[in-house]
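The primary structure of each chain is shown beneath.
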Amino acid sequence: MRACIILGVICVHVLSSFDAQSLPFSGTNISLDLLTMAFHFTREAFMFITGLVLFYTYYDRKFTVWSFWRKRLSLIAVPYVAWTALYIAFTGTYLKGFDWTPNALAQRFGHALLTANQFFLYFLLVSMQLYVLFPLMVKMIRRFENRLWWVVSVSFILEIGIMILNQTVLNHLQANQVPSWLFTLVHYRDRFILTYQFWFIAGAALAVKYNAVRDWVTSHVKVVVIAAIIAILALWATYFVERFGLHMTDGEAVDVLQPMMIPYALIVACVLWSVGLRWAKVRTQENLARVTPVIQFFGGVSFGIFLIHPIALHYLEQIDQSLNLHGGLHLVLIPVTAAFAYVLSGVAAYLIGKIPYVSYIVGEKTHLRRTAAKSSLSKAV
């Protein structure tokens, strides 16, 4: 699932970049909007997998709060701090008028750490919030384990309510309408754990009821597929209603934080999971001998790809602009750009992961002695 989801993340960002170059309400603009929405399940799916892996690992294990925090927060904090600094330095290479003075850099760095405003580091910030609350969440899930589906249902309804509030109120909130602290919280709501609470609860529920859910999904594949088809049609219908009926802006219509995206992303996550279960059964077959290592490779470096791909996309976009292609030839670059960003970021993540200590920034734990134990930090997220 990781390999597929991170590819979907890159597709979203590539599609958004090309979409920004299209004429509003043109056929290209609408088509790219619809494709972007179809791939927009990736954010929620990432949150879902994070909750699943974390609860699956720790739910039946005894652990102390302090030992958990010390281990998990340190693993995610190192990449967060490192990439915040790296991204600031990177943007300084192409932003005009960038202030390289120590005071300006210190202020920019401090603000970036607090707000996760560097590219897509919001995910790491939300993950750290999850780690802080995780011991309490484990206690809650254990207490209500016999009524877990009620917990999931309440969480789902709450998530829909949050998305409705986001789309109808928070998107239109002005700074002079509320206290400054509240407006700041609203402005950065996409990196606040409450915004994604359902996905962590759903991941926890799947971890606890894993066998039962797996058996149901594998025995109802057709139901899952039909539900996915209905979900994407409903998602696209929502887009046309919002864009042409409610006259929302392009950005509002494709926004990932909207009500319809919740059931859609959940169903797509189930589809990907069922594909993963099927793959686990057939991956050792002789005719798949060459494919399996490739999938394992990209799954193993998925965390590094997530962190590196914004840099790769920047340079690929520069190449795209220099080619100055138009029409269909320009659109052909979409899958090419996504593929190159995926592969280049994966190779870069792999190579960085081989450098002792530096490898921590891409989720790989290595030491100077290559015989030392090695474990993937990407499992933390």
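Cut-off values and rules
Throughout, a residue's number is its position along its own chain's written sequence, starting from 1. Given that this is a predicted model, residues contribute local features only at a pLDDT of at least 70 and side-chain atom pairs are listed and counted only at 80 or more, while totals for whole chains, interfaces and linings are drawn from all residues. Calculation of side-chain values draws on the structure's entire complement of heavy atoms; hydrogens and water are dropped beforehand. UniProt positions are given in the numbering used here, feature names are shortened, and annotations may be inferred rather than shown by experiment. Helical segments are the DSSP runs of H or I of at least four residues, strand segments are the runs of E of at least two, and each set is numbered from the N terminus. Remark: exposure states derive from per-residue accessible area (1.4 Å probe, protein chains only) relative to the maximum for the residue type, with buried under 20%, exposed over 50%, and partly exposed in between. Per-residue and other accessible areas follow the Shrake-Rupley method at a 1.4 Å probe size, with only the shown protein chains counted as cover for residues. The positive count covers Lys and Arg only, the negative count covers Asp and Glu only, and His and the chain ends enter neither. Charged side chains are reduced to one point each, which is NZ for Lys, CZ for Arg, CG for Asp and CD for Glu. To estimate how far a helix should extend, the number of its residues minus one is multiplied by 1.5 Å. Pairing of aromatic rings covers Phe, Tyr and Trp, the last counted by its six-membered ring, and requires centre-to-centre distances within 6.5 Å; plane angles under 30 degrees mean stacked, over 60 mean edge-to-face, and any other angle means tilted. Two conditions define a charge located above a ring, namely a distance within 6 Å from the ring centre to NZ of Lys or CZ of Arg, and an angle within 35 degrees of the ring normal. Salt bridges are counted wherever a side-chain nitrogen of Lys or Arg sits within 4 Å of a carboxyl oxygen of Asp or Glu. Like-charged residues are merged into a patch within 9 Å and nonpolar side chains (Val, Leu, Ile, Met, Phe, Trp, Tyr) within 5 Å, provided each residue has over 30% relative accessible area and no salt bridge. Nonpolar cores were defined as sets of buried Ala, Val, Leu, Ile, Met, Phe, Trp, Tyr and Cys residues, with membership established by side-chain atoms within 4.5 Å. Whether two residues are in contact is decided by their heavy atoms: any pair within 4.5 Å suffices. A fitted line through C-alpha atoms represents every axis, and for helices the fit uses only the stretch in contact; the resulting angles, taken between N-to-C directions, go from 0 to 180 degrees. For classification, angles of less than 35 degrees are called roughly parallel, those exceeding 145 degrees roughly antiparallel, those between 65 and 115 degrees roughly perpendicular, and all remaining angles oblique. The classification used treats Ala, Val, Leu, Ile, Met, Phe, Trp, Tyr, Cys and Pro as nonpolar, Asp, Glu, Lys and Arg as charged, and all other residues, Gly among them, as polar. When the near helix sits turned anticlockwise from the far one by under a right angle, the crossing is termed left-handed; a clockwise turn instead gives a right-handed crossing.

- The chain is annotated in an unreviewed UniProt entry as Acyltransferase from Alicyclobacillus fastidiosus.
- According to the UniProt record, the Subcellular location (unreviewed entry) comment for the chain reads "Cell membrane".
- Quoted straight from UniProt, the Sequence similarities (unreviewed entry) entry for the chain says "Belongs to the acyltransferase 3 family."

## Examining the overall build of the chain
Link 1 in the chain: Along the backbone of the chain there are 16 helices and 0 strands.
Link 2 in the chain: For the chain, the spread of C-alpha atoms along the principal axes amounts to about 60 × 55 × 55 Å.
Link 3 in the chain: Counting across all 381 residues of the chain, residues that qualify as buried make up 47%.
Link 4 in the chain: Counting only carbon and sulfur atoms, one obtains 68% of the accessible surface of the chain, whose full area is about 19600 Å².
Link 5 in the chain: Here the chain contributes 29 positive and 17 negative side-chain charges, whose respective centroids are spaced 16 Å apart.

## Details of helix α13 (residues 261-282)
Link 1 in the chain: Taking 1.5 Å per residue as the helical rise, α13 with its 22 residues ought to reach 32 Å, and the 31 Å between its terminal C-alpha atoms agrees with that figure.
Link 2 in the chain: For α13, the set of buried residues is Met261, Ile262, Tyr264, Ala265, Val268, Ala269, Leu272, Trp273, Ser274, Leu277 and Val282.

## Observations concerning the packing of aromatic side chains
Link 1 in the chain: With the rule as written, the count across this model stands at 29 aromatic pairs.
Link 2 in the chain: Summarising the aromatic geometry, the rings of Tyr239 and Phe240 are spaced 5.4 Å apart at their centres and angled 75° between planes, so their arrangement reads as edge-to-face.
Link 3 in the chain: Residue Phe240 is classed as partly exposed on the basis of its relative accessible area of 37%.
Link 4 in the chain: For the cation-ring pair, Arg142 lies above Tyr59, with the distance from its terminal atom to the ring centre recorded as 5.5 Å.

## Here's the deal with the UniProt feature "domain: Acyltransferase" (unreviewed entry) in the chain
Link 1 in the chain: As recorded in UniProt, the sites labelled "domain: Acyltransferase" (unreviewed entry) are residues 1-348.
Link 2 in the chain: When the span residues 1-348 is considered, its composition is 77% helix and 0% strand, and the gap between its end C-alpha atoms is 21 Å.

## Notes on the pattern of salt bridges
Link 1 in the chain: What the rule picks out here adds up to 4 salt bridges.
Link 2 in the chain: Ionic pairing is found between Arg243 and Asp33, a salt bridge with its closest N-O pair at 3.0 Å. In this pair, Arg243 sits in helix α11 (residues 221-245) while Asp33 sits in helix α2 (residues 27-39), placing the two residues 210 residues apart along the sequence.
Link 3 in the chain: Residue class for Arg243 comes out buried when judged on its relative accessible area of 4%.
Link 4 in the chain: Between Asp190 and Arg191 there is a salt bridge, with the nearest N and O atoms lying 2.9 Å from each other. Like Asp190, the residue Arg191 is buried in the burial classification.
Link 5 in the chain: Put simply, Asp33, Arg243 and Asp250 are held in one network by salt bridges that share partners.

## Notes on a nonpolar patch on the surface
Link 1 in the chain: A cluster of nonpolar residues, Leu158, Trp181, Leu185, Phe192 and Leu194, forms a patch on the protein surface that exposes about 500 Å² of accessible area.
Link 2 in the chain: One can find Phe192 in the loop between α8 (180-187) and α9 (197-208).

## Thoughts on the nonpolar core
Link 1 in the chain: Within the largest apolar cluster, 98 residues are counted, with the highest numbers of intra-cluster contacts made by Phe55 and Leu124.
Link 2 in the chain: Looking at this core, the element that brings in the most residues is helix α6 (residues 122-143), giving 12 residues.
Link 3 in the chain: Setting aside its immediate chain neighbours within four residues, Phe55 contacts Phe134, Met137, Val138, Ile141, Phe200, Ala204 and Ala207.

## Notes on the packing of helix α4 (residues 65-92) against helix α15 (residues 302-323)
Link 1 in the chain: In the contact formed by α4 and α15, the axes pass within 11 Å of each other and the chain directions differ by 5°. Between α4 and α15, the interaxial angle falls into the category roughly parallel. When α4 is examined against α15, the residues Ile76, Pro79, Trp83, Tyr87 and Phe90 are found in contact with a partner set consisting of Phe303, Phe306, Leu307, Ile308, Pro310, Ile311, His314 and Tyr315.
Link 2 in the chain: Within the contact of α4 with α15, the residues separate by chemical class into 12 nonpolar, 1 polar and no charged.

## What to know about the side chain of Gln258
Link 1 in the chain: Tracing the chain through its elements places Gln258 in the loop between α12 (250-253) and α13.
Link 2 in the chain: On the accessibility criterion, Gln258 (1% relative accessible area) is buried.

## Here's the deal with the environment of Phe90
Link 1 in the chain: Relative to the assigned elements, Phe90 resides in helix α4.
Link 2 in the chain: Considering only alpha carbons, one finds Phe90 and Ile311, 221 residues apart in sequence, at a separation of 7.9 Å.
Link 3 in the chain: When neighbours within four sequence positions are excluded, Phe90 is seen to be in contact with Phe119, Ile311, His314 and Tyr315.

## With respect to the packing of α4 against helix α5 (residues 102-115)
Link 1 in the chain: It is the contact of α4 with α5, at a shortest axis distance of 10 Å, that shows an interaxial angle of 135°. Overall, the two elements α4 and α5 adopt an arrangement that is oblique. As for how α4 packs across α5, the hand of that crossing is right-handed. Across the interface between the two elements, Tyr80, Val81, Thr84, Ala85 and Ile88 of α4 pack against Leu105, Arg108, Phe109, Ala112, Leu113 and Leu114 of α5.
Link 2 in the chain: In terms of residue class, the contact of α4 with α5 is made up of 9 nonpolar, 1 polar and 1 charged.

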